[in-house]
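Here's the letter readout for the chains.
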Amino acid sequence: MTTATTAIRRASRGIERYGLAAFTKEVALRGARPALTPLAAVRLRRVADRTHGVEALLDLTFGFDALGVRIAPLQSRHELSLLLHELEQQPPRRMLEIGTANGGSLFPFARVAAPDAHIISVDLPHGRFGGGYPRYKVPLYRAFARRSQRLDLIRADSHAPETVARVRELLGGEPLDFLFIDGDHTYDGVKADFESYSQLVRPGGLVGFHDISAPVSAERLDGADVFQSGDVPRYWQEVRAGRDARELVDPSLGGCFGIGILRL
């Protein structure tokens, strides 16, 4: 299939899904996003600083659209809400997210974390489970954190030894309170992430896994063919055995997505 044919098919799907006017607007804004993103970051921080409570925070997360810049995650709001309410009970002071993509989970995680929290994001810029965010979005993601928090963004392969070493260096010997794994969805990939970074989590700390439910078709997700649960469900069933584990699964989605939580 040629590049032109692929582009035509994507355009046709976009017009069919969103309508011609909305699709045309999206195409027009796409080229301007690098210049518009810093302005969107200012707006997001201004609104976020006035937003309180998990549900209001999720309204902002899923509904934010400034100059065509959005942060809505490919997640169940119900599941994310349950997780955020749990984190809110004991706000993490140090947390790591593997797989940030559009930023829709990193943003509310930062906002429910402790006011002086240290937050680290590791995201692979390229590859099957990469392509999370371009460099021009860095100012937007920095606006996720409160002014008294510290946010470190690492655009690298989470499996690389130098990335693990970088995270250790940033933590400075302090343990994580919360680790969220939503990166490489292959069996070996999610296993490597857990084995490399769970040892940095304190006893009693939490490890979350996204996409623990069985795979679903693209049609089930209204054409969102970028979604893949991959081998996460299989690894989750293995890693949860014999551990303090819980599952947050939205019953209305028939098994789609799912968040698994381990307390170490």
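Up top is the structure.
Everything quoted here is computed from the prediction, not taken from an experiment.

### Examining the pattern of salt bridges
This structure, assessed with the given rule, holds 13 salt bridges. Linking Arg263 and Glu86 is a salt bridge whose minimum nitrogen-to-oxygen distance equals 3.6 Å. Separated by 177 residues along the polypeptide, Arg263 in strand β9 (residues 259–263) and Glu86 in helix α5 (residues 77–89) bring together distant segments of the chain. For Arg94, the salt bridge is made with Glu174, and the minimal N-O distance between the two is 3.9 Å. Highlighted residues: Arg94 in strand β3 (residues 94–98) and Glu174 in the loop between α8 (161–171) and β6 (176–181), separated in sequence by 80 residues. Residue classification places Arg94 among the buried residues on the basis of a relative accessible area of 13%. A single network of salt bridges, built from pairs that share partners, joins Asp49, Arg111 and Arg147.

### Remarks on the packing of aromatic side chains
Following the criterion strictly, the structure yields 11 aromatic pairs and no others. With a centroid separation of 5.6 Å and an interplanar angle of 35 degrees, the aromatic rings of Phe194 and Phe209 are classed as tilted. Of this pair, Phe194 sits in helix α9 (residues 187–197) while Phe209 is found in strand β7 (residues 201–210), placing the two residues 15 residues apart along the sequence. When the centroid spacing of 6.3 Å and the interplanar angle of 55 degrees are considered together, the rings of Phe209 and Tyr235 count as tilted. You can see Phe209 sitting in strand β7 and its partner Tyr235 sitting in helix α10 (residues 232–239), a full 26 residues away along the chain. Side by side, Phe209 and Tyr235 carry an identical accessibility label, which is buried. Counting every residue linked through ring pairs, the aromatic cluster contains Tyr187, Phe194, Phe209, Tyr235 and Trp236.

Definitions and limits used
- Residues numbered from 1 in each chain as written.
- Predicted model: local features only at pLDDT ≥ 70, side-chain atom pairs only at ≥ 80, totals over all residues.
- Heavy atoms only, no water.
- Salt bridge = Lys/Arg side-chain N within 4 Å of Asp/Glu carboxyl O.
- Helix = DSSP H or I, 4+ residues; strand = E, 2+ residues; numbered from the N terminus.
- Buried < 20%, exposed > 50% of the residue type's maximum accessible area, 1.4 Å probe, protein only.
- Phe/Tyr/Trp six-rings, centres within 6.5 Å; stacked < 30°, edge-to-face > 60°.

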